[in-house]
Amino acid sequence: MKTISYDSLRAEHAWMIVSDQLQQRNNLLAKGIAHMERNPAQLPMASRLIMLRYHLKMSLRQLSQETRQQPQSAQNAQQLRQQWVHVHQLFFLLRQVDAELGRAANENDALQSWVSSKEKRVYRSALIHLN
């Protein structure tokens, strides 16, 4: 039986937030790719976004696989530590995706305009939940 503690709930909450943010970026990239593909002159940028989305998906797959391979018999403190390591890795991936998407938008006026036109959601920072 797994013990639920305040610290494990905090880690789970941080994981949910960063996962939600990564899903939002994945959706934004998918829509951005579709938007860029409508204009043949924007195909190089669409390709760049496809590569970024591929990197996001493959990184998530690898991190998930590594997490599943952790022994389940570990002590609660060790499990909590591993959960925080996973959250930090996901948050690092989120920052990588944001940085690359920002660079791409700065280099391409059409992408910049499209990203600017998207509804602005308040992106909560997972930093406040990381210890």
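It should be emphasised that the depicted structure is a prediction, and the values quoted were computed from it without experimental measurement.

Asker: I'm lost on the overall build of the chain in this one. Help?
Answerer: Along the backbone of the chain there are four helices and zero strands. Each of the 131 residues in the chain was classed as buried or not, and the buried ones make up 32%. When contacts within the chain are restricted to residue pairs at least 6 apart in sequence, long-range pairs at least 24 apart make up 79% of them. Accessible area for the chain stands at about 8700 Å²; split by element, carbon and sulfur atoms hold 55% of it.

Asker: How should I be thinking about the packing of helix 1 (residues 6-37) against helix 4 (residues 109-117) in this particular structure?
Answerer: Each packed pair of helices is defined by two parameters, the angle between the axes and the distance between the axes. Where helix 1 meets helix 4, the closest approach of the two axes is 11 Å, and the angle between their N-to-C directions is 130 degrees. Classified by the angle their axes make, helix 1 and helix 4 are oblique. As helix 1 runs across helix 4, the sense of the crossing is right-handed. Seen from helix 1, the contacting residues are Leu28, Lys31, Gly32, His35 and Met36; seen from helix 4, they are Ala110, Leu111 and Trp114. Residues belonging to the contact of helix 1 with helix 4 are distributed by class as follows: five nonpolar, two polar and one charged.

Asker: What is the right way to read the side chain of asparagine 26 from this model?
Answerer: Within the secondary structure layout, asparagine 26 lies in helix 1. Among the polar contacts listed, one links the side chain of asparagine 26 to the side chain of arginine 53, at a separation of 2.7 Å. If sequence neighbours within four positions are ignored, asparagine 26 has contacts with Arg53, Leu56 and Lys57.

Thresholds applied
Residues numbered from 1 in each chain as written. Predicted model: local features only at pLDDT ≥ 70, side-chain atom pairs only at ≥ 80, totals over all residues. Heavy atoms only, no water. Helix = DSSP H or I, 4+ residues; strand = E, 2+ residues; numbered from the N terminus. Buried < 20%, exposed > 50% of the residue type's maximum accessible area, 1.4 Å probe, protein only. Contact = heavy atoms within 4.5 Å. Areas by Shrake-Rupley, 256 points an atom, 1.4 Å probe, with all protein chains shown as cover. Axes fitted to C-alpha atoms, helices over the stretch in contact; angles between N-to-C directions. Parallel < 35°, antiparallel > 145°, perpendicular 65-115°, else oblique. Left-handed = near helix turned anticlockwise from the far one by under 90°. Nonpolar A, V, L, I, M, F, W, Y, C, P; charged D, E, K, R; others polar. Polar contact = N/O pair within 3.5 Å; in protein donor to acceptor, adjacent residues only side chain to side chain.

Taken by themselves, the reported measurements are silent on function.
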